[in-house]
Amino acid sequence: MTEPLPLSLADIEAARARLAGVATRTPLLPATDLGASLGARVFVKAECLQRTGSFKFRGAYNRVSMIADADRVRGVVACSSGNHAQGVAAAAALYGVPATIVMPRDAPATKIARTRRLGADLVLYDRETDDREAIANAIAARNGATFIHPYDDPGVMAGQGTVGLEVIDDLAALGLVPDIVLVPASGGGLTAGVSVAIHSAAPQAAIATCEPAGFDDHARSLAAGTRQKNPAVTGSVCDALMAQTPGRITFAVNSRHLSGGHALGDDEALAAVAYAARELKIVVEPGGAVGLAALLCGRVDAAGKTVVIVASGGNIDDHVLAQALQD
């Protein structure tokens, strides 16, 4: 007998109700020229335009909303390379509770600055030598705060799944359903939430992860049938996508819903950043652009299909954007 998944459509619908009027309903942009060149219908879900600049606000706010009032006043703790950090900091600020965020010292300057600007206390760590979850859990235990995992939490996953509900609704208004959905993946919370939402209405859709080369733990885990670990802890321009291994909870969902994965090099990700700026008129960070990169690089057979790319975030340092535009 197949075990029930830890995430349901009802969970995602409940998250949508909590997020109503708080999260931005981001546009599903038609990439008309790209679609014409591929003989496909291509759409970009612009989560780079979400509150705090990435989809992470959805899961963070939903999870903070679920904490009992008596516990929430003691604050929240999170660990993140920057996007979940900002999402949790913003959600905590909206509830008027303290937030402590454990972030790597080499996180993009814009992500560190924006997290501080949202009122969070920061604890910086070394990616190669420190255990960020151990640091965060110790802080939570000391302060009585609630630890909000960046991806391996059903409440976080449900919030991210609202991206998929909006995609289904917007395509339905055009008389379409998705055939292919390309989603950037780090720990797998976004892919898990989106896949449950998409497959509730379009069970035939092929949903694939997009990851940096060398950090393609989802693609390898899906192929192996068990969670695989990346050998490196740093070394990609896609700073948001360097989780070491798929989450235990997220992989339980993703292994039942995903068709596979694509690995993209730094140059390919940066080329997609440039394409998004020049052709789509949106700013997307490298980690948020890997789905677009997979399509631009010919990794996906899109002809005759309706393809949705999730542009998951736009928190990019100025010099990285300049580098992408100069190449």
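Just so you know, these numbers come straight off a predicted model, no measurement behind them.

1. Describing the nonpolar core
- In this structure, Val 42, Leu 182, Leu 280, Leu 292 and Leu 295 are the most contacted members of the largest nonpolar core, which totals 40 residues.
- With seven residues, the single largest contributor to this core is helix α12 (residues 266–280).

2. Examining the packing of helix α3 (residues 56–66) against helix α5 (residues 83–95)
- Look at α3 against α5: their axes get within 8 Å of each other, and the N-to-C directions meet at 40°. Between α3 and α5, the angle is such that the two are oblique. Where α3 crosses over α5, the handedness of that crossing is right-handed. In contact with Lys 56, Phe 57, Ala 60, Tyr 61, Val 64 and Ser 65 of α3, α5 contributes Asn 83, His 84, Gly 87, Val 88, Ala 90, Ala 91, Leu 94 and Tyr 95.
- Of the residues in the contact of α3 with α5, the class split is nine nonpolar, four polar and one charged.

3. Re the sheet that holds strand β2 (residues 41–46)
- Pairing within the open sheet is mixed, and its six strands lie in the order β1-β2-β10-β7-β8-β9. Strands with a single pairing partner mark the edges of an open sheet, and in this sheet they are β1 (28–30) and β9 (260–264). Within this sheet the neighbouring strands show an average axis-to-axis angle of 25°, counted without direction.
- Sheet topology places strand β7 (residues 180–184) next to strand β8 (residues 206–212); five bridges connect them, and they run parallel. Looking at β8, one finds that Val 183 is bridged to Thr 209.
- Along the sheet face, helix α9 (residues 189–201) touches β7, β8 and β10 (306–311) and points at about 160° away from the line of β7.

Cut-offs used in this document
- As a convention, each chain's residues are numbered from 1 in the sequence order in which they are written.
- Whole-chain, interface and lining totals are the exception, using all residues; otherwise, since this is a predicted model, local features are given only for residues with pLDDT of at least 70 and side-chain atom pairs are given and counted only at 80 or more.
- Side-chain numbers come from the whole structure's heavy atoms, not from hydrogens or water.
- Residues grouped as a nonpolar core are buried Ala, Val, Leu, Ile, Met, Phe, Trp, Tyr and Cys residues, joined through side-chain atoms within 4.5 Å.
- For the exposure calls, accessible area comes from a 1.4 Å probe over protein chains only, and a residue counts as buried if that area is under 20% of its type's maximum, exposed if over 50%, partly exposed in between.
- Helical segments are the DSSP runs of H or I of at least four residues, strand segments are the runs of E of at least two, and each set is numbered from the N terminus.
- Between N-to-C directions, angles span 0 to 180 degrees; the directions come from axes that are lines fitted to C-alpha atoms, helices contributing only their stretch in contact.
- If an angle is under 35 degrees, it is roughly parallel; if it is over 145, roughly antiparallel; if it lies from 65 to 115, roughly perpendicular; otherwise it is oblique.
- The handedness criterion is simple: a crossing whose near helix is rotated anticlockwise from the far helix by less than a right angle is left-handed, and one whose near helix is rotated clockwise is right-handed.
- In this analysis, two residues are considered to be in contact whenever any of their non-hydrogen atoms come within 4.5 Å of each other.
- Amino acids are sorted into nonpolar (Ala, Val, Leu, Ile, Met, Phe, Trp, Tyr, Cys and Pro), charged (Asp, Glu, Lys and Arg) and polar (every other residue, Gly among them).
- Here, strands pair whenever DSSP counts at least two bridges between them.

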